[in-house]
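Descriptive structure summary
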Amino acid sequence: LERVSGKYILKGGAPFHLLQEHDCRLVIHIKLTNLESETMSHFVGWDGGVIYDRPFTSKVNNTRDRTNPEASKMAFDKLFSKAEFSSWQITSVFQLVSRQPPKI
């Protein structure tokens, strides 16, 4: 994994900048806060079309979810119910990279 947070955590919000990608292999670290104000780390995958989580995934709508920062945030809101979490925040982003094994 290679940290690429600086490419996405920008003015307008990380969700908006992440959803501008249409073909990628990213792992997103999210800080979740539950209703008891306890925080936890959580990771989801993003391939440019689907946000992968357990037990749910969220297919991103190309016209609605990518249009503006608020719409992009709502694509992530679908995964983290207000009945369970008071807030969520994207704290870092990593890209899956292929490395050639060293020659022996």
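Residues numbered from 1 in each chain as written. Predicted model: local features only at pLDDT ≥ 70, side-chain atom pairs only at ≥ 80, totals over all residues. Heavy atoms only, no water.

What follows concerns the overall build of the protein. Scanning the protein from N- to C-terminus turns up two helices and six strands. C-alpha extents for the protein along the principal axes are approximately 55 × 35 × 30 Å. A total of 104 residues make up the protein; the buried ones form 41% of that total. Restricting to contacts in the protein with at least 6 residues of sequence separation, those with at least 24 account for 58%. Accessible surface computed for the protein: about 6,700 Å², of which carbon and sulfur atoms make up 54%. Both charge centroids of the protein, one from 14 positive and one from 11 negative side chains, sit 7 Å from each other. (Helix = DSSP H or I, 4+ residues; strand = E, 2+ residues; numbered from the N terminus. Buried < 20%, exposed > 50% of the residue type's maximum accessible area, 1.4 Å probe, protein only. Contact = heavy atoms within 4.5 Å. Areas by Shrake-Rupley, 256 points an atom, 1.4 Å probe, with all protein chains shown as cover. Lys, Arg positive; Asp, Glu negative; His and termini not counted. Charge placed at Lys NZ, Arg CZ, Asp CG, Glu CD.)

This brings us to the confidence of the model for the protein. Fine structural detail should not be taken from predicted coordinates in areas where pLDDT scores are low. Of all residues in the protein, 100% attain a pLDDT of 70 or more, and the chain-wide mean is 94. Per-residue pLDDT, averaged within each element of the protein, yields its smallest value for strand 5 (residues 57–59) (90) and its largest for strand 2 (residues 26–34) (98). (pLDDT = per-residue confidence, 0-100.)

This part covers the side chain of histidine 29. Among the structural elements, histidine 29 can be located in strand 2. Those residues in contact with histidine 29, other than ones at most four positions away along the chain, are Ser41, His42, Phe43, Gln89, Ile90, Thr91 and Ser92.

Attention now goes to the sheet that holds strand 4 (residues 50–52). Reading across the sheet, the six strands line up as 1-6-2-3-4-5 and stay open at both edges, with antiparallel pairing between neighbours. Where the open sheet ends on each side, the last strands, each with one partner, are strand 1 (2–3) and strand 5. Sheet strands touched by helix 2 (residues 69–77): strand 2, strand 4, strand 5 and strand 6 (85–95). Its angle to strand 6, the strand with the most contacts, is close to 100 degrees. (Pairing = 2+ DSSP bridges. Axes fitted to C-alpha atoms, helices over the stretch in contact; angles between N-to-C directions.)

Another aspect to go through is helix 2. Of the residues making up helix 2, those classed as buried are Ala71, Ser72, Ala75 and Phe76. Relative to the axis of helix 2, the buried residues are bounded by an arc of 150 degrees and lie together on one face. (Arc of directions from axis to C-beta.)

Here we take up the environment of aspartate 47. One can find aspartate 47 in the loop between strand 3 (39–46) and strand 4. Using a relative accessible area of 27% as the deciding quantity, one classes aspartate 47 as partly exposed. Considered as a pair, aspartate 47 and leucine 26 are 21 residues apart in the sequence and their alpha carbons are 6.4 Å apart. Apart from residues no more than four positions distant in its own chain, aspartate 47 is found in contact with His22, Asp23, Cys24 and Tyr52. Of the polar contacts made by the side chain of aspartate 47, one reaches the backbone nitrogen of valine 50; its length is 2.9 Å. Here the side chain of aspartate 47 touches tyrosine 52 through a polar contact of 2.8 Å, side chain to side chain. (Polar contact = N/O pair within 3.5 Å; in protein donor to acceptor, adjacent residues only side chain to side chain.)

On to the environment of lysine 73, then. Position of lysine 73 among the secondary structure elements: in helix 2. With a relative accessible area of 33%, lysine 73 lands in the partly exposed category. Setting aside residues up to four positions removed in sequence, lysine 73 forms contacts with Pro15 and Trp88.

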